[in-house]
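Summary of structural features
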Amino acid sequence: MTITRTTRFPTDVAVPGKGGIGESPLRPDGTLKVKGEFAYSSDLWMDGMLWGATLRSPHARAKLVSVDTSKALAMTGVHAVLTHEDVPGRKVYGLDHTWDQPVLAFDEVRHHGEAIALVAADHPEIARRAVAAVEVEYEVLEPITDPMAVVEDPVGLAVQSRGGIARYQPVRSGDIEIGKALATVVVSEEFEVGMQDQAFLGPESGMVIPNEDGSLDFYVATQWLHWDLTQIGPCLGLDEDRIRMTMSGVGGAFGGREDLSMQIHAGMLAMRTGKPIKMMYNREESFFGHVHRHPAKMRYEFGATATGKITYAKVLIVLDGGAYTSATQNVIGNAASLALGPYEVPHLEIDAYGVYTNNPVCGAMRGFGVVQACFAHESMMDKLAEALDMDPVTVRQVNAVSQGSTLATGQVVHAPTPLKEMLDSLRDMELPESVDTSDIRNLPGGASQTTHGEGVYRGVGYGVGIKNICFSEGFDDYSTARVRLEVIGGEPVALVHTAGAEVGQGLITLEAQIARTELAIERVVSHPSDNNVGSSGSSSASRQSYMTGGAVMTACRAVADELFVLARKKFDVHGFMRLECGKVVKNNGEVVATIEDVLGDDVIDLTREYHHQPTTGMDKVTGQGSSHTQLAVCVHRAVVDVDTELGLVKVVALDAVQDVGKIMNRLSLEGQIHGGSIQGLGLAVMEEIQVTNGKVRNPSFTDYLIPTILDTPPQKLEILENPDPHAPYGLRGAGEPPTLSSTPAIAAAIRDACRKRGGTGNINRVPVRPEDIIRNS
């Protein structure tokens, strides 16, 4: 494999070393994690450290009348008890410059589990007892919990003085009345998506170490070191150069670590006590310590011709952001812009709202607003197919975007994925064999012996998801990489240093692959991620391979150019050159010298930034604009067996076709597609945070169910490579799209099974509950 390089010498090329792009070197952390030897942030330890703990509100909404810390302070082993009065600097923080979430509650508590006071003690049990000893007097208020009511009366039901709506984004194109006149069939439905948790296995944790000069060292599990720093510094009253951020082992993220959790709290305790502070949430507290996926209520109406061509769409999307803004404004931008998926709709009206309530705070989660919309628009495509007596795949193909098509926002589709062909490939995949009813483990309910095959029907369903990659709406998204090339032990070694957050997606492995490819060497060392190098942005939006990968590529190419300059000077050679198998080679194949001979005692150490193509904001009235950097598509076919009498579901197969532009590491890629698909399965049939009157009822993995290996079906994958000319190596972000399309595919398959029994199959919410199946079978 040869990579053409676009540098000052445009015909210079690199031939990768072992473990380069397109290969599947094993992850350096993989074996350690499997063996239980990997060091996560919860494993941090230091002599003399204290344990931090947090007091949280038992109410969804209440005025804080008083907080008495005297009894807690009097306990042996307690070193500090802090409230909002002890915040050294700014009392609020937040994502995306919204800065509305209190470090510790003051005046009013706005959601169940909001942090009120902090304790530092010699032992975690002492810390917990001290938290329980803090006396708080509340004036309990009636919580605002209905997001639709907020849309209908945003001022009257405002949770905070800024109003009840975090963002309203309309999208308008064409003329709805013309679209209605062209339609021969109209279908409509209301949809609901429950609140999903990221359910990462490693709870929030970390350590803060104070230094003699008053600076602080943070060792945290996060998704964006530099944005954490931007929020932490002002709240602690410290300049950013007084804080060092180092990435600790992350036990999963999926968006839930974009917001701060224990960072400022541990920093406050470290400043007050002068001792290292470790904080580690238990599982229950973790449900309150991070944001969740926005629950959604949606209304869709489609009109279409007799051939299935959509003539108009009218859409209302309401996402419940909970008490504080977090990422709601950007989530709404995604939901509004991709509300109709990868389909051509000439006349449309979309209204998307993100609202404040006293429900748990919601923000970033894999799919970021498009998961909710995807469930609705794919359910509508099935409803349209049923009304027209058309094949559900065909109706999607009739409306699919192609080169030069425009999305709802007017964004032109360039370098498109061949959606029609992908759907053909998916439909042509071999279906699983009929269930063997002699082994009850193959049936819904499994070994619980709820059935021996009676009342069980098989259904098949399809889902199509389109997801924006990288940050959108005019955000100047960039990533930074430092690459150092030198000779160690007689051979060339590259050091790659970024602030990228390795949250399980394989970024560290990919960085090394890129360096091996670009520099044609085998030895690559990854520097720990910290803020001693420029920002790599967030490990979200499926952007790290694109952005930090692009930064590493750019830095490596700059290093190679410097190496060629040295070669020209040292060996008096001219013309274009390339790197191949650790050597500098002329374009005619003549070897100039080994890299170590060219370098000698010299060191090349360069830092470069990578920026993607600029995007625009969405017009506040029409929603029009080229707001997205890149679009990626995945399609799923689900096969399910449904016990229509008891409402139980077994997902038998969950096959997918996805276009990734360029396969960088097949092993990691397949893991991302499998993992994203199963996270979508969880939303389809089991995962939901139950909230009643603002209070979370199931903050545990006993009552909040996530798929296990026994729930995971076989998955056939077909991976396409249609390169994006604007992306590094032509790649497309791959981690999020499978989460979109798997959920509606499973819901569609459940509907199909219900109808085969003779029911309506009117499944319009996820997760699908047993009573939904029984009622519609």
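Computed from a predicted structure; not experimentally measured.

Rules of the game
Here the residue index of a chain counts from 1 through its sequence in written order. Only residues with pLDDT of at least 70 are given local features in this predicted model, and only at 80 or more are side-chain atom pairs given and counted; all residues enter the totals for whole chains, interfaces and linings. Excluded from the side-chain calculation are hydrogens and water; included are all heavy atoms of the structure. In this text, helices come from DSSP runs of H or I with a minimum length of four residues, and strands from runs of E with a minimum of two, each type numbered from the N-terminal end. Three labels apply to residues, based on accessible area from a 1.4 Å probe with only protein chains included: buried if under 20% of the type maximum, exposed if over 50%, partly exposed otherwise in between. For this analysis, residues touch if any pair of their heavy atoms sits within 4.5 Å. Criterion used throughout: strands pair if DSSP finds at least two bridges between them. Orientation is described by lines fitted to C-alpha atoms, with helices fitted over the stretch in contact, and by angles between N-to-C directions that extend from 0 to 180 degrees. Note on definitions: salt bridges are taken to be side-chain nitrogens of Lys or Arg within 4 Å of carboxyl oxygens of Asp or Glu. Every residue carries a pLDDT, the predictor's confidence in it, which falls somewhere between 0 and 100. Under this scheme an angle from 65 to 115 degrees is roughly perpendicular, one under 35 degrees roughly parallel, and one over 145 degrees roughly antiparallel; angles in between are oblique. The handedness criterion is simple: a crossing whose near helix is rotated anticlockwise from the far helix by less than a right angle is left-handed, and one whose near helix is rotated clockwise is right-handed. Ten residues, namely Ala, Val, Leu, Ile, Met, Phe, Trp, Tyr, Cys and Pro, are considered nonpolar, four, namely Asp, Glu, Lys and Arg, are considered charged, and the remaining ones, Gly among them, are considered polar. Identification of polar contacts relies on pairs of N or O atoms within 3.5 Å, with a donor-acceptor requirement for protein atoms, meaning one able to donate a hydrogen and the other able to accept it, and with residues adjacent in sequence counted only if both atoms are side-chain atoms. The definition used for a disulfide is geometric: two cysteine sulfur atoms within 2.5 Å. Each aromatic pair joins two rings of Phe, Tyr and Trp (for Trp, the six-membered one) with centres within 6.5 Å, and gets the label stacked for planes under 30 degrees apart, edge-to-face for over 60, and tilted for any other angle. Lysine NZ or arginine CZ positioned within 6 Å of the ring centre and within 35 degrees of the ring normal marks a charge as sitting over the ring. In plain words, nonpolar cores are sets of buried Ala, Val, Leu, Ile, Met, Phe, Trp, Tyr and Cys residues tied together by side-chain atoms within 4.5 Å.

Considerations on the overall build of the protein
From N to C terminus, the protein includes 18 helices and 33 strands. Projecting the C-alpha coordinates of the protein onto the three principal axes gives extents of approximately 80 × 75 × 60 Å. Split into buried and exposed, the 777 residues of the protein put 61% on the buried side. Expressed as a percentage of contacts within the protein between residues at least 6 apart in sequence, the contacts between residues at least 24 apart total 80%.

Some thoughts on the sheet that holds strand β29 (residues 648-659)
Two modes of strand pairing occur in sheets, parallel and antiparallel, and in both the strands are linked by backbone hydrogen bonds. Spatial ordering of the open sheet is given by β20-β28-β29-β32, a layout of 4 strands whose pairing is mixed. Strands with a single pairing partner mark the edges of an open sheet, and in this sheet they are β20 (456-469) and β32 (717-720). Between one strand axis and the next, the sheet turns by 20° as a mean value, whatever way the strands run. One ladder, built from 14 bridges, connects β20 with strand β28 (residues 630-643); its direction is antiparallel. When the bridges of β28 are listed, Val-460 appears paired with Val-639. Relative to the sheet, helix α12 (residues 419-428) contacts β20, β28, β29 and β32, its axis offset from that of β28 by approximately 25°.

Remarks on the pattern of salt bridges
Summed over all chains, the structure comprises 42 salt bridges. The partner of Asp-382 in a salt bridge is Arg-396, with the nearest N and O atoms 2.9 Å apart. Separated by 14 residues along the polypeptide, Asp-382 in helix α10 (residues 370-388) and Arg-396 in helix α11 (residues 392-399) bring together distant segments of the chain. Each of the two residues, Asp-382 as well as Arg-396, counts as buried. Where Glu-518 meets Arg-557, a salt bridge forms, and the shortest distance between an N and an O atom there is 3.0 Å. Taken together, the positions of Glu-518 in helix α13 (residues 507-519) and Arg-557 in helix α14 (residues 544-571) put the pair 39 residues apart, joining distant regions of the chain.

Considerations on the confidence of the model for the protein
On average, the protein scores 95 in pLDDT, and the residues at 70 or more come to 97%. Across residues 1-17 the pLDDT falls below 50, and counting only partners more than four positions away or on other chains, this stretch makes 61 contacts in the model.

Focus on the environment of Val-187
Position of Val-187 relative to the elements: it lies in strand β12 (residues 185-193). Judged by relative accessible area, Val-187 falls into the buried class, the value being 8%. Between the C-alpha atom of Val-187 and that of Ala-385, which follows or precedes it by 198 residues, the distance is 10.0 Å. Once you skip the residues sitting within four places of it in the chain, Val-187 turns out to touch Tyr-300, Glu-301, Phe-302, Met-380, Lys-383, Leu-384 and Ala-387.

Let's talk about the sheet that holds strand β16 (residues 277-280)
Ordered in space as β5-β9-β3-β16-β13-β14-β15, the 7 strands form an open sheet in which the pairing is mixed. Each having just a single partner strand, β5 (78-82) and β15 (243-247) make up the two edges of the open sheet. Ignoring strand direction, the axes of neighbouring strands in this sheet form an average angle of 20°. As paired elements, strand β3 (residues 50-56) and β16 share 3 bridges and run parallel to each other. Among the inter-strand pairings, Trp-51 is bridged to a residue of β16, identified as Lys-278. Against the sheet, helix α3 (residues 124-133) touches β3, β5 and β9 (115-121), its axis set at about 30° to β3.

Section: the packing of α10 against α11
One can describe the packing of α10 onto α11 by two numbers: an axis separation of 9 Å at closest approach and a directional angle of 110°. Of the possible angle classes, the one that applies to α10 and α11 is roughly perpendicular. Here α10 runs over α11; the crossing is right-handed. The residues of α11 that touch α10, namely those facing Glu-378, Met-381, Asp-382, Leu-384 and Ala-385, are Pro-392, Val-395, Arg-396 and Asn-399. Class assignment of the residues belonging to the contact of α10 with α11 gives a composition of 5 nonpolar, 1 polar and 3 charged.

Comments concerning the environment of Thr-417
Here Thr-417 lies in the loop between α11 and α12. Judged by its relative accessible area of 8%, Thr-417 falls in the buried class. Residues within four places of Thr-417 in sequence aside, it is in contact with Met-422, Val-633, Asp-659 and Arg-732. For Thr-417, the side chain forms a polar contact with the side chain of Asp-659, separated by 2.9 Å.

Details of the packing of helix α16 (residues 666-685) against helix α17 (residues 737-756)
Where α16 meets α17, the axes come as close as 7 Å, and the angle between the chain directions of the two elements is 45°. Taken together, the axes of α16 and α17 lie oblique to each other. The crossing of α16 and α17 is right-handed. Here Gln-672, Ile-673, Gly-676, Ser-677, Gln-679, Gly-680, Leu-681, Leu-683, Ala-684 and Val-685 of α16 come into contact with α17, specifically with Pro-738, Thr-739, Ser-742, Thr-743, Ile-746 and Ile-750. The residue inventory of the contact of α16 with α17, partitioned by class, reads 8 nonpolar, 8 polar and no charged.

Looking at the pairing of strand β21 (residues 478-488)
Where β21 meets strand β27 (residues 604-611), 8 bridges bridge the pair, whose relative direction is antiparallel. By the bridge assignment for β27, Ala-481 is matched with Arg-608. Pairing of β21 with strand β22 (residues 491-497) involves 7 bridges; the strand directions are antiparallel. When the bridges of β22 are listed, Arg-482 appears paired with His-497. Between β21 and β22, which follow one another and run antiparallel, lie 2 residues, and Gly-489 among them has a positive phi close to 65°.

A word on the environment of Val-371
Following the sequence through the fold, Val-371 ends up in helix α10. Judged by its relative accessible area of 2%, Val-371 falls in the buried class. As a C-alpha pair, Val-371 and Ala-327 span 44 residues in sequence and 15 Å in three-dimensional space. With sequence-adjacent residues up to four places away left out, Val-371 is seen in contact with Arg-293, Arg-366, Leu-683, Thr-739 and Leu-740.

Here we look at the state of the cysteines
Evaluation of the coordinates by the stated rule reveals 0 disulfides. The cysteine Cys-374 is free of any disulfide, with Cys-634 supplying the nearest cysteine sulfur at 9.6 Å. Take Cys-470: it sits in no disulfide, and the sulfur closest to it among the cysteines is that of Cys-634, at 18 Å.

Quick look at the packing of aromatic side chains
Each aromatic ring pair is summarised here by two numbers: the centre-to-centre distance and the angle between the ring planes. Inspection of every chain in the model, using the stated rule, returns 12 aromatic pairs. On the basis of an interplanar angle of 25° and a centroid distance of 4.6 Å, the ring pair of Tyr-168 and Tyr-353 is categorised as stacked. Of the two residues, Tyr-168 sits in strand β11 (residues 165-173) while Tyr-353 sits in strand β19 (residues 347-355), which places them 185 residues apart along the sequence. With a centroid separation of 5.8 Å and 80° between ring planes, the pair formed by Phe-191 and Phe-375 is classed as edge-to-face. Linking Phe-191 in strand β12 with Phe-375 in helix α10, this pair joins segments that are 184 residues apart in sequence. In this pair, the class of Phe-191 matches that of Phe-375, namely buried. Each residue in the set Phe-191, Tyr-300, Phe-302 and Phe-375 is aromatic and connected to the rest through ring pairs, giving one cluster. Sitting over the face of the ring of Phe-38, Lys-33 holds its NZ or CZ atom 4.8 Å from the ring centroid.

Examining the nonpolar core
Counting 89 residues, the largest nonpolar core has Tyr-300, Phe-302, Ile-317, Leu-340, Val-635, Ile-746 and Ile-750 as the members making the most contacts within it. Residue contributions to this core peak at 11 residues, all from α10. Ignoring sequence-local partners within four residues, the contact set of Ile-317 consists of Lys-297, Met-298, Tyr-300, Ala-335, Ala-339, Asp-351, Ala-352, Tyr-353 and Ala-373. Counting 46 residues, the second-largest nonpolar core is a separate cluster that includes Ala-481, Met-547, Val-559 and Phe-564.

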